[in-house]
Amino acid sequence: NNDENAAEQCAKAEESCCTGGATFFSYGGCKCDFWEPLCNEYHISATCDKAEATCCNNDGQCSCLFLTYAADELNYVRQDKNVKCINAKSQVSELDQELKALQGLY
């Protein structure tokens, strides 16, 4: 199956590119640096969902911002975007955490 082969190849590429682990300085680290440009170039669920997961690491504010950017700029709309954003808005946000998320995305 082509999807399985693509996922396997991407996993191998990510592993070979991200040998430094968390030593990278961007928000989300190397895996975010790997997946985010792929999402920008190929706005499909295989790349953008992985970018959102690795860049935001279960941070609701970050996920909302990322998915809003993906919808507005890349025309990639995920069905759970509105739910994630509603949940994120109901959480108390720490200014430093939100600032890091924004800097990481932009």
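Residues numbered from 1 in each chain as written. Predicted model: local features only at pLDDT ≥ 70, side-chain atom pairs only at ≥ 80, totals over all residues. Heavy atoms only, no water.

S.K.: Would you explain the packing of aromatic side chains in this entry?
M.R.: Per the stated rule, a full pass over the model turns up one aromatic pair. On the basis of an interplanar angle of 85° and a centroid distance of 5.1 Å, the ring pair of phenylalanine 34 and tryptophan 35 is categorised as edge-to-face. The pair phenylalanine 34 / tryptophan 35 is uniform in exposure class, with both members buried. (Phe/Tyr/Trp six-rings, centres within 6.5 Å; stacked < 30°, edge-to-face > 60°. Buried < 20%, exposed > 50% of the residue type's maximum accessible area, 1.4 Å probe, protein only.)

S.K.: Hey, could you run me through the layout of surface pockets in this one?
M.R.: Vacant regions in the atomic arrangement are exposed by a probe of water-molecule size rolled over the atoms. Looking at the largest pocket, its volume works out to about 180 Å³. Together, 11 residues line the largest pocket, and Ala6, Ala7, Cys10, Trp35 and Ala46 are the ones closest to its centre. Breaking the lining of the largest pocket down by element, the ones donating at least two residues are helix H1 (2–17) and helix H3 (45–56). Looking at which element gives the most residues to the lining of the largest pocket, the answer is H1, with six residues. Of the residues that constitute the lining of the largest pocket, the class distribution is seven nonpolar, one polar and three charged. (1 Å grid on protein atoms, 1.4 Å probe; cavity = no way out; pocket = protein on both sides within 12 Å on 5 of 7 lines; lining within 4 Å. Points joined across faces, edges and corners; volume = space filled by probe spheres on them. Helix = DSSP H or I, 4+ residues; strand = E, 2+ residues; numbered from the N terminus. Nonpolar A, V, L, I, M, F, W, Y, C, P; charged D, E, K, R; others polar.)

Keep in mind these numbers describe shape, not what the thing actually does.
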